[in-house]
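Below are the chains, spelled out letter by letter.
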Amino acid sequence: MSVKTLTINDQPIAIEEGKTILDAAKEAGIPIPTLCHLEGVSDVGACRLCLVEVKGINKLLPACVTQVAEGMEISTNTPKLQEYRRMAVELIFAEGNHVCSVCVANNNCELQDVAVEVGMDHSRFVYRFPDRGVDVSHSQFGIDHNRCILCTRCVRVCDEVEGAHVWDVAQRGAACYIVSGMNQPWGEVEACTSCGKCVDACPTGAIFRKGTTTAEKAGDREKLEFLVTAREQGQWTR
Amino acid sequence: MEKIKFATVWLAGCSGCHMSFLDMDEWLIDLAQYVDVVYSPVGCDLKEYPDNVDVCLVEGAVANQENLELLEEVRAKTKLLISFGDCAVTANVPAMRNMLGTAEAVLKRGYLELGDCNQQLPYAPGIVPELLDRVTPIHELVKVDIFMPGCPPSADRIKATIEPLLNGEQPKMEGREMIKFG
Ligand code: SF4
Ligand code: SF4
Ligand code: FES
């Protein structure tokens, strides 16, 4: 297996061919903010939080889906990147309806954390206040589309780890949403095994356990750990 | 030393930010040595917003005509305007009505469809302020100088925002303690 050598923020790094820039940064202990990336499932480059600059390439590249190449000179935290990252987070907030104070995920939300990380104290984009639905037809879980950031972590975990493929992405642009089954209420989708993996994979308060109220959706470390290693170890249920 | 002219106003919010302000407890006594409270629902009886205010904390989103007029007056008469709490910064809970559409749709829902008895729309021109069609964060309407998110911002966060201003310094609005929403 061949090895590529490159630099991240002037730090020299050697890493196997085929790995991503995000892998390389992780190995070198260089933090890059992410939202749609979830260890253990495939990457899709949906959120644009992990954008980096590569010398000689005049567009910003998402680190989670860009493979390393020989001699790459990568920067992860230039003023330009800081500005774009903050804009990406502001756009996510302005796009949906995020009322943190009454959200199940308040204090345990990856979107909230990332907002702090990029220094967002307000959104410079005008809030859309879209009219989105809530589906609580499932006996144990619910999905509030107002808080969904379309990261598709639920889609991938359900498909790639549980093998049920209950979730998918419907429509495009502003009308885009996460759809269950054949556009049925979640509770009517027979393929759903009620395993709850999507609840743990969801970085926000969009998918939650029924009966959880404000600030009660605490991330379960053990379950997240399971999601990360399940596919490698061929464990499909827990 | 000339005292800082200090004001707070309460638009469409639950007053929780003001309660949190009062939670600064004994530090309020220290603050009183530096500021003259010239307008505030919790610290002053004046009914008219005065001229030449130095600092004003604005709680709440803009939901009705009265909020809008007061906000514009505050901006015109204030040097440093602080967007105080999530309702001011994001429109927060008051804006959840935006999903229903116009003011008319909201009133119909609240007073007719959900009314248990005597269903009727409120109508008292000049007394009950008209609802705006859309609830907005204040910076979508006027220039804001400092954003202090939080629902409510903790007393510590409020103090850490105001204290530097007393010495003519800018507060650092960064990190979890200062800018986390909710
Ligand atoms: S999902 Fe996160 S950012 Fe959105 S309302 Fe809930 S806590 Fe706030
Ligand atoms: S429901 Fe949650 S995991 Fe699924 S796309 Fe939305 S934010 Fe991501
Ligand atoms: S983590 Fe790379 S685009 Fe979302």
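Residues numbered from 1 in each chain as written. Chains lettered and ligands numbered in written order. Predicted model: local features only at pLDDT ≥ 70, side-chain atom pairs only at ≥ 80, totals over all residues. Heavy atoms only, no water.

Naming follows an unreviewed UniProt entry, where chain B appears as Oxidoreductase of Spirulina subsalsa FACHB-351.

Under the annotation held in an unreviewed UniProt entry, chain A carries the name Bidirectional hydrogenase complex protein HoxU and is attributed to Spirulina subsalsa FACHB-351.

Helix and strand counts for chain A come out as 6 helices and 10 strands. Relative to the globule expectation of 18 Å for 238 residues, the C-alpha radius of gyration of chain A, 18 Å, shows essentially globular dimensions. Principal-axis analysis of the C-alpha atoms places the extent of chain A at approximately 55 × 45 × 30 Å. Buried positions account for 51% of the 238 residues belonging to chain A. Long-range contacts, defined as pairs at least 24 residues apart, comprise 61% of the intrachain contacts of chain A with a sequence gap of at least 6. Total accessible area computed for chain A in this model is approximately 11200 Å², and 49% of it derives from carbon and sulfur atoms. (Helix = DSSP H or I, 4+ residues; strand = E, 2+ residues; numbered from the N terminus. Rg over C-alpha atoms; globule rule 2.2 N^0.38 Å. Buried < 20%, exposed > 50% of the residue type's maximum accessible area, 1.4 Å probe, protein only. Contact = heavy atoms within 4.5 Å. Areas by Shrake-Rupley, 256 points an atom, 1.4 Å probe, with all protein chains shown as cover.)

This paragraph deals with the packing of helix α2 (residues 27-34) of chain B against helix α6 (residues 155-166) of chain B. Relative orientation and spacing of two packed helices are given, respectively, by the angle between their axes and the distance between those axes. All names here are of chain B. At their nearest, the axes of α2 and α6 sit 11 Å apart, and the two run at 30° to each other. With respect to each other, α2 and α6 are oriented roughly parallel. Crossing of α2 against α6: the hand is left-handed. On α6, the residues touching W27, L31 and Y34 of α2 are K159, I162, E163 and L166. Considered class by class, the residues forming the contact of α2 with α6 number 5 nonpolar, no polar and 2 charged. (Axes fitted to C-alpha atoms, helices over the stretch in contact; angles between N-to-C directions. Parallel < 35°, antiparallel > 145°, perpendicular 65-115°, else oblique. Left-handed = near helix turned anticlockwise from the far one by under 90°. Nonpolar A, V, L, I, M, F, W, Y, C, P; charged D, E, K, R; others polar.)

What follows is about the interface of chain B and chain A. With 24 residues of chain B in contact, the opposing surface of chain A contributes 24 residues. Roughly 1900 Å² of surface becomes buried between chain B and chain A when both sides are summed, with 64% attributable to carbon and sulfur atoms. The largest per-residue losses of area from chain B upon contact with chain A belong to B:M99, B:R176 and B:F181, which jointly make up 31% of the total buried on that side. Measuring nitrogen to oxygen at the nearest pair gives 2.9 Å for the salt bridge that ties B:R176 to A:D113. If you look at where chain B meets chain A, you find 8 residue pairs in polar contact (both at pLDDT 80 or more). (Buried area = accessible area lost by both parts, 1.4 Å probe. Salt bridge = Lys/Arg side-chain N within 4 Å of Asp/Glu carboxyl O. Polar contact = N/O pair within 3.5 Å; in protein donor to acceptor, adjacent residues only side chain to side chain.)

What surrounds ligand 1 is a group of 13 residues, the closest being A:H98, A:C100, A:C103, A:C109 and A:G205. Classifying every residue of the shell around ligand 1 gives 7 nonpolar, 5 polar and 1 charged. (Near = heavy atom within 4 Å.)

Attention now moves to the UniProt feature "domain: 4Fe-4S His(Cys)3-ligated-type" (unreviewed entry) in chain A. UniProt feature "domain: 4Fe-4S His(Cys)3-ligated-type" (unreviewed entry): in the numbering of this structure it lies at residues 80-119 of chain A. As a span, residues 80-119 of chain A carries 60% helix and 0% strand, and end to end its C-alpha atoms are 14 Å apart. (UniProt positions renumbered as here; feature names shortened; annotations may be inferred.)

All names here are of chain A. By the assigned domains, chain A splits into domain 1 (3-77) and domain 2 (101-232). Computed from C-alpha coordinates alone, the two centres of domain 1 and domain 2 are separated by 26 Å. Residue-level contacts link 14 residues of domain 1 with 20 residues of domain 2. Counting the surface lost from both domain 1 and domain 2, the interface buries some 1300 Å², and carbon and sulfur atoms represent 64% of this. A per-residue breakdown of the area domain 1 buries against domain 2 is headed by L35, L38 and V41, which together make up 45% of the total. Linking domain 1 with domain 2 are 0 salt bridges, by the criterion used here. If you look at where domain 1 meets domain 2, you find 5 residue pairs in polar contact (both at pLDDT 80 or more). Residue composition of the side of domain 1 that touches domain 2, grouped by class: 8 nonpolar, 4 polar and 2 charged. (Domains from an automatic or database assignment.)

Each α-helix turn comprises 3.6 residues. Residues three or four places apart therefore point the same way. All names here are of chain A. Of all the 10 residues making up helix α4 (residues 153-162), 9 are buried; the element is thus mostly covered by neighbouring parts of the structure. Turning to α4, its buried residues are R153, C154, V155, R156, V157, C158, E160, V161 and E162. Once α4 ends, the next one or two residues include G163, with phi positive near 75°.

A regular strand carries its side chains on alternate faces of the sheet. In the sheet, strand β3 (residues 51-54) of chain A pairs with strand β4 (residues 61-62) of chain A via 2 bridges, with the strands oriented antiparallel. Paired with A:L51 across the two strands is A:P62, which belongs to β4(A). (Pairing = 2+ DSSP bridges.)

The next point concerns the UniProt feature "domain: NADH:ubiquinone oxidoreductase-like 20kDa subunit" (unreviewed entry) in chain B. If you check UniProt for "domain: NADH:ubiquinone oxidoreductase-like 20kDa subunit" (unreviewed entry), the listed places come out as residues 14-163 of chain B in our numbering. The span residues 14-163 of chain B shows a helical share of 35% and a strand share of 21%, and its end C-alpha atoms are spaced 25 Å apart.

So, on to the site of ligand 2. In the region of ligand 2, 13 residues are neighbours, and A:C148, A:C151, A:T152, A:C154 and A:C202 sit closest. By residue class, the composition of the shell around ligand 2 is 10 nonpolar, 2 polar and 1 charged.

Okay, a negative patch on the surface next. On the surface, a cluster of negative charge is contributed by B:D23, B:D25, B:E26, B:D30 and B:E163. The residue B:E26 is located in the loop between α1 (16-22) and α2 in this model. (Patch = residues over 30% accessible without salt bridge, like charges linked within 9 Å, V, L, I, M, F, W, Y side chains within 5 Å. Lys, Arg positive; Asp, Glu negative; His and termini not counted. Charge placed at Lys NZ, Arg CZ, Asp CG, Glu CD.)

Over its 12 residues, α6(B) runs 16 Å from end to end, which matches the ideal 16 Å to within 8%, given 1.5 Å per residue. The first or second residue beyond α6(B) is B:G168, which carries a positive phi of 75°. (Expected span 1.5 Å × (residues − 1).)

This paragraph deals with the pattern of salt bridges. According to the stated counting rule, one finds 17 salt bridges over all chains in the structure shown. In this structure, the salt-bridge partner of A:E73 is A:K55, at a minimum N-O distance of 3.6 Å. With A:E73 in strand β5 (residues 73-75) and A:K55 in the loop between β3 and β4, this pair connects stretches of sequence that are 18 residues apart. Owing to a relative accessible area of 41%, A:E73 belongs among the partly exposed residues under this scheme. Taking the relative accessible area as the measure of exposure, A:K55 reaches 64% and is therefore exposed. One salt bridge in this structure joins B:K108 and B:E104, with 2.9 Å as the shortest N-O distance. You can see B:K108 and its partner B:E104 sitting in helix α5 (residues 103-113), 4 residues apart, about one turn around the helix. For B:K108, a relative accessible area of 35% puts it in the partly exposed group. B:E104 sits in the partly exposed class, given a relative accessible area of 48%. One continuous salt-bridge network, built from bridges that share partners, spans A:E83, A:R86, A:E90, A:D121 and A:R124.

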